Amino acid sequence: MKGSAGVQVSRLVRLDYGEKVFTPPAEDDFVVPVNIGEYSESRTTGVLGATASDLTATYYQTNVPDELKGVPTDLSSMTTRVISIAGSGTYEYRADRQDVPAGKSWRHSRGSECAQLVRAIGSLGVLNLVSPEVLRKLAAPAPSSGKAIDGVATVVHTGSSSLAEFAIAAPPDDPVIVAQLRKRNDLIQVSWQLWVGPDRLPRRVHLTSTSPMAEDDQPKTTVIEVDFTGWGSDVLIDPPPSDQVHETGTCLDPEPY
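Residues numbered from 1 in each chain as written. Predicted model: local features only at pLDDT ≥ 70, side-chain atom pairs only at ≥ 80, totals over all residues. Heavy atoms only, no water.

## Structural notes on the overall build of the protein chain
Point 1. The number of helices and strands found in the protein chain is 3 helices and 14 strands.
Point 2. With 257 residues in all, the protein chain has 38% of them scored as buried.
Point 3. Long-range pairs, those at least 24 residues apart, make up 60% of the contacts in the protein chain with a sequence separation of at least 6.
Point 4. Roughly 14300 Å² of accessible area belongs to the protein chain as shown, and the carbon and sulfur atoms make up 53% of that amount. (Helix = DSSP H or I, 4+ residues; strand = E, 2+ residues; numbered from the N terminus. Buried < 20%, exposed > 50% of the residue type's maximum accessible area, 1.4 Å probe, protein only. Contact = heavy atoms within 4.5 Å. Areas by Shrake-Rupley, 256 points an atom, 1.4 Å probe, with all protein chains shown as cover.)

What follows is the structure, given as structure tokens:
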């Protein structure tokens, strides 16, 4: 896919699990609540357009306390690159190749079911944040004067709602699953700040979501910061070599090998 309507995207995600105790204490146990720190995901500069995207995600642990020195901080094996091209499906490359057979590097799915499901239940991923429908909802609150970003004056839209409010009408294959997931997302509260330039293009988004039903092993708060730069930059996105691609019928879970 070639074009000159690209945008460079950088995303940082911080997950806060809060304090937790790993095992129920016995009567004489000395219990030390442990904050397991932040789990961060960064999406390095990728290219997004109306019809294609090329994103690389890297993962790492930060702020691991002394009590948990055994927690791995090198998560380079999880580095994942995802190429999506309209009409050609999604290609996924994971550094450890755990979800493809020997001799293959990329996992390919043509199905649109997952994309439709995400749209139907509501999501604020990178791809959603450049969709007109989602941006209209983020920009609905009246703007106030914002800070300059990359030398560009901005206005900022500030608001909050449940995550389910960002659902986009889509024909789901299983309306029961969609209803269940929407009910869950209705409990997740999201607050945001959206900075927009004079060209009416987003420059930065700050999202904070809280999940009141989070279990001990799930993040209770998620903070996402996204910067959009290089609007109108040239784009060139190629699918991987066909001999390196494993065709799969699912996009939900890795296939074991």
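## Quick word on the confidence of the model for the protein chain
Point 1. Averaged over every residue, the pLDDT of the protein chain is 74; the share at 70 or more is 62%.
Point 2. Across the protein chain, the element-wise mean pLDDT spans from 39 in strand S3 (residues 34-35) up to 96 in strand S9 (residues 144-145). (pLDDT = per-residue confidence, 0-100.)

## A word on the packing of aromatic side chains
Each aromatic ring pair is characterised by the separation of its centres together with the angle its planes make.
Point 1. For the coordinates displayed, the defined rule picks out 2 aromatic pairs.
Point 2. Seen from their ring centres, Tyr93 and Trp106 are 5.3 Å apart, and the 50 degrees between their planes marks the pair as tilted. Note that Tyr93 is positioned in strand S7 (residues 89-94) and Trp106 in strand S8 (residues 106-109), a separation of 13 residues in sequence.
Point 3. Of the residues examined, Tyr93 reaches a relative accessible area of 24% and is grouped as partly exposed. (Phe/Tyr/Trp six-rings, centres within 6.5 Å; stacked < 30°, edge-to-face > 60°.)

## Some points on the environment of Asp16
Point 1. With respect to the helices and strands, Asp16 occurs in strand S1 (residues 2-16).
Point 2. Residue classification places Asp16 among the partly exposed positions, given a relative accessible area of 35%.
Point 3. Each C-alpha atom of the pair Asp16 and Val223 lies 8.4 Å from the other, and the pair is 207 residues apart in sequence.

## A closer look at the pattern of salt bridges
Point 1. What the rule picks out here adds up to 4 salt bridges.
Point 2. For the salt bridge of Arg94 with Asp96, the shortest nitrogen-to-oxygen distance reads 2.9 Å.
Point 3. Asp199 serves as the salt-bridge partner of Arg203, at 2.4 Å between the closest nitrogen and oxygen.
Point 4. Its relative accessible area of 38% is what places Asp199 among the partly exposed residues. (Salt bridge = Lys/Arg side-chain N within 4 Å of Asp/Glu carboxyl O.)

## With respect to the pairing of strand S12 (residues 202-210)
Point 1. Where strand S11 (residues 189-196) and S12 come together, 8 bridges link them in antiparallel fashion. Within the sheet, the bridge partner assigned to Val190 lies in S12 and is Ser209.
Point 2. Between S11 and S12, which follow one another and run antiparallel, lie 5 residues, and Arg200 among them has a positive phi close to 65 degrees.
Point 3. Across 7 bridges, S12 lies against strand S13 (residues 221-236) in antiparallel orientation. Looking across to S13, one finds that Leu207 is bridged to Ile224. (Pairing = 2+ DSSP bridges.)

## What about unusual backbone geometry?
Point 1. Backbone geometry at Asp150 places phi at a positive 55 degrees, although glycine is not the residue there.
Point 2. A relative accessible area of 64% means that Asp150 is categorised as exposed.
Point 3. For Arg200, which is not glycine, the phi torsion reads 65 degrees and is therefore positive.
Point 4. With respect to the secondary-structure elements, Arg200 resides in the loop between S11 and S12.
Point 5. What makes Arg200 exposed here is its relative accessible area of 75%.

## Focus: the nonpolar core
Point 1. Of all hydrophobic cores here, the largest spans 23 residues; its most connected members are Leu124, Leu129, Leu138, Val205, Leu207, Val226 and Phe228.
Point 2. Mapped onto this core, the elements with two or more residues apiece are S1, helix H2 (132-138), S11, S12 and S13.
Point 3. Beyond its immediate stretch of four places on either side in the chain, Leu124 contacts Leu129, Val134, Leu163, Phe166, Val190 and Leu207.
Point 4. If you look at the next biggest cluster of nonpolar residues, it comprises 8 residues, including Ile85, Trp106, Val235 and Ile237. (Core = buried A, V, L, I, M, F, W, Y, C linked by side-chain atoms within 4.5 Å.)

## Description of the side chain of His157
Point 1. Tracing the backbone shows His157 in strand S10 (residues 155-162).
Point 2. A polar contact is formed between the side chain of His157 and the backbone oxygen of Pro141, at a distance of 2.7 Å.
Point 3. Not counting residues within four places of it along the chain, the set of residues in contact with His157 comprises Leu138, Ala139, Pro141, Ala142, Pro143, Trp192, Gln193, Leu194 and Val196. (Polar contact = N/O pair within 3.5 Å; in protein donor to acceptor, adjacent residues only side chain to side chain.)

## Re the environment of Thr80
Point 1. Within the secondary structure, Thr80 is located in strand S6 (residues 80-85).
Point 2. For the pair Thr80 and Asp96, spaced 16 residues apart in the sequence, the C-alpha separation amounts to 9.1 Å.
Point 3. Other than its neighbours up to four places away in sequence, Thr80 contacts Leu55, Thr56, Ala57, Tyr59, Glu92, Tyr93 and Arg94.
Point 4. Separated by 2.7 Å, the side chain of Thr80 and the backbone oxygen of Met78 make a polar contact.

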